[in-house]
Amino acid sequence: MASDERHPIGIPGARAVHHVAYTVPDLDQAVRFFVDVIGAELVYQLDRVADPDGGDWMTRKLAVHPAAVARIAMLRLGPVTNLELFEYDSPDQRRTLPRNSDWGGHHLAIHVDDVDRAVAYLEQQPGVRFLGKPETIEDGPIAGDRWVYFTTPWGMHLELINLPAGAPFEEATDARLYRPEQQWTNR
């Protein structure tokens, strides 16, 4: 359906994605990993988010058990990405991470200048595990993309990626993926 003045497409006034969020088993560990290893900046932390009256606020607002308690940290990753981390204590909590193929499966991809150099750095970090070796896609819409998945010490999936400008998909559309112009860490 095409957009027109009577029937606009999309959220009115939307400008950007504000943040992505993940629930982690240990907030302190995750913050240390993202700050010390990945290069994020801690912006703020909330040490207790809960319904002080024992009501259903947590269920109504966050779709969790009414007695759930959360700790939250907001981190800055580079020029455009905010990362919110949650640690919950909840009576009905499932404590298994989804696989990428499961509903709710996820990963966070980090654009790097040199995938192999980033791998060499991350291989020195305790608890980081790679899912195979880096590969370069040879054909299709993202030919030239070099990538590899890895996991954090608690098992969250991340990806290193370098998709150079001029990928074949760009020939079929005016849409362009965001490409950072500058480094966001001094590593």
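Student: Describe the overall build of the chain, naming the residues involved and giving the relevant values.
Tutor: On a plain count of helices and strands, the chain comes out with three helices and nine strands. Along the chain direction, N to C, the helices and strands of the chain fall in the order β-α-β-α-β-β-β-α-β-β-β-β. In terms of its C-alpha atoms, the chain occupies a principal-axis envelope of roughly 55 × 55 × 30 Å. When the accessible surface of the chain is split by element, carbon and sulfur atoms take 52% of a total near 12,500 Å². If you average the places of the 18 positive and of the 28 negative side-chain charges in the chain, the two averages end up 3 Å apart.

Student: Quick rundown of the side chain of aspartate 145? Include the residues and the values.
Tutor: Within the fold, aspartate 145 resides in the loop between strand E7 (135-136) and strand E8 (146-151). One buried charge, aspartate 145, has no salt-bridge partner; the nearest side chain with opposite charge is arginine 146, at 8.8 Å. Residue contacts for aspartate 145: discarding those within four places in its chain leaves Glu135, Thr136, Ile137, Ile161, Asn162, Leu163 and Pro164.

Student: Just give me the short version of unusual backbone geometry, but keep the residues and values in it.
Tutor: A positive phi is found at alanine 63, a non-glycine position, where the angle reads about 60 degrees. In this structure, alanine 63 sits in the loop between helix H2 (57-62) and strand E3 (69-77).

Student: Outline the sheet that holds E3, supporting the account with residue identities and numerical values.
Tutor: Taken together, the four strands give an open sheet; going across it, the order is E1-E4-E3-E2, and neighbouring strands pair in mixed fashion. A single partner strand is all that each edge strand has here, and the edge strands are strand E1 (20-23) and strand E2 (41-49). Direction aside, the axes of adjacent strands within the sheet are offset by 20 degrees on average.

Student: How would you sum up the pattern of salt bridges? Please name residues and give values.
Tutor: Note that side chains of opposite charge can pair when their charged atoms are close. Applying the stated criterion to the full structure yields eight salt bridges. Between aspartate 28 and arginine 71 there is a salt bridge; the shortest N-O distance is 3.0 Å. Of the two residues, aspartate 28 is situated in helix H1 (residues 27-38) and arginine 71 in strand E3; the sequence distance between them amounts to 43 residues. A relative accessible area of 35% means that aspartate 28 is categorised as partly exposed. The salt bridge involving glutamate 170 is made with arginine 179; its shortest N-O contact spans 2.8 Å. One salt-bridge network, held together by shared partners, links Asp28, Asp47, Arg71 and Glu87.

Student: Explain the pairing of E3 to me, using residue names and the numbers behind them.
Tutor: Of all the nine residues making up E3, seven are buried; the element is thus mostly covered by neighbouring parts of the structure. As paired strands, E2 and E3 are joined by six bridges and run antiparallel to one another. Bridge pairing links glutamate 41 to arginine 76 in E3. For E3 and strand E4 (residues 81-89), the ladder comprises nine bridges, and the chain directions are antiparallel. Its bridge partner lying in E4, leucine 75 is registered against leucine 83. Connecting E3 to the antiparallel partner E4 that follows it, the hairpin turn spans three residues, and glycine 78 within it adopts a positive phi of roughly 70 degrees.

Student: Run through H1, naming residues and quoting values.
Tutor: An α-helical segment advances 3.6 residues per turn. Residues three or four places apart therefore align on the same side. Buried within H1 are the following residues: Leu27, Ala30, Val31, Phe33, Phe34, Val37 and Ile38. Between a side-chain oxygen at the N-terminus of H1 and the backbone nitrogen of aspartate 28 the separation is 3.1 Å; the capping residue is aspartate 26. Note on H1: the residue one or two positions beyond its end, glycine 39, has a positive phi of about 105 degrees.

Conventions and cut-offs
- Residues numbered from 1 in each chain as written.
- Predicted model: local features only at pLDDT ≥ 70, side-chain atom pairs only at ≥ 80, totals over all residues.
- Heavy atoms only, no water.
- Helix = DSSP H or I, 4+ residues; strand = E, 2+ residues; numbered from the N terminus.
- Areas by Shrake-Rupley, 256 points an atom, 1.4 Å probe, with all protein chains shown as cover.
- Lys, Arg positive; Asp, Glu negative; His and termini not counted.
- Charge placed at Lys NZ, Arg CZ, Asp CG, Glu CD.
- Buried < 20%, exposed > 50% of the residue type's maximum accessible area, 1.4 Å probe, protein only.
- Salt bridge = Lys/Arg side-chain N within 4 Å of Asp/Glu carboxyl O.
- Contact = heavy atoms within 4.5 Å.
- Pairing = 2+ DSSP bridges.
- Axes fitted to C-alpha atoms, helices over the stretch in contact; angles between N-to-C directions.
- Polar contact = N/O pair within 3.5 Å; in protein donor to acceptor, adjacent residues only side chain to side chain.

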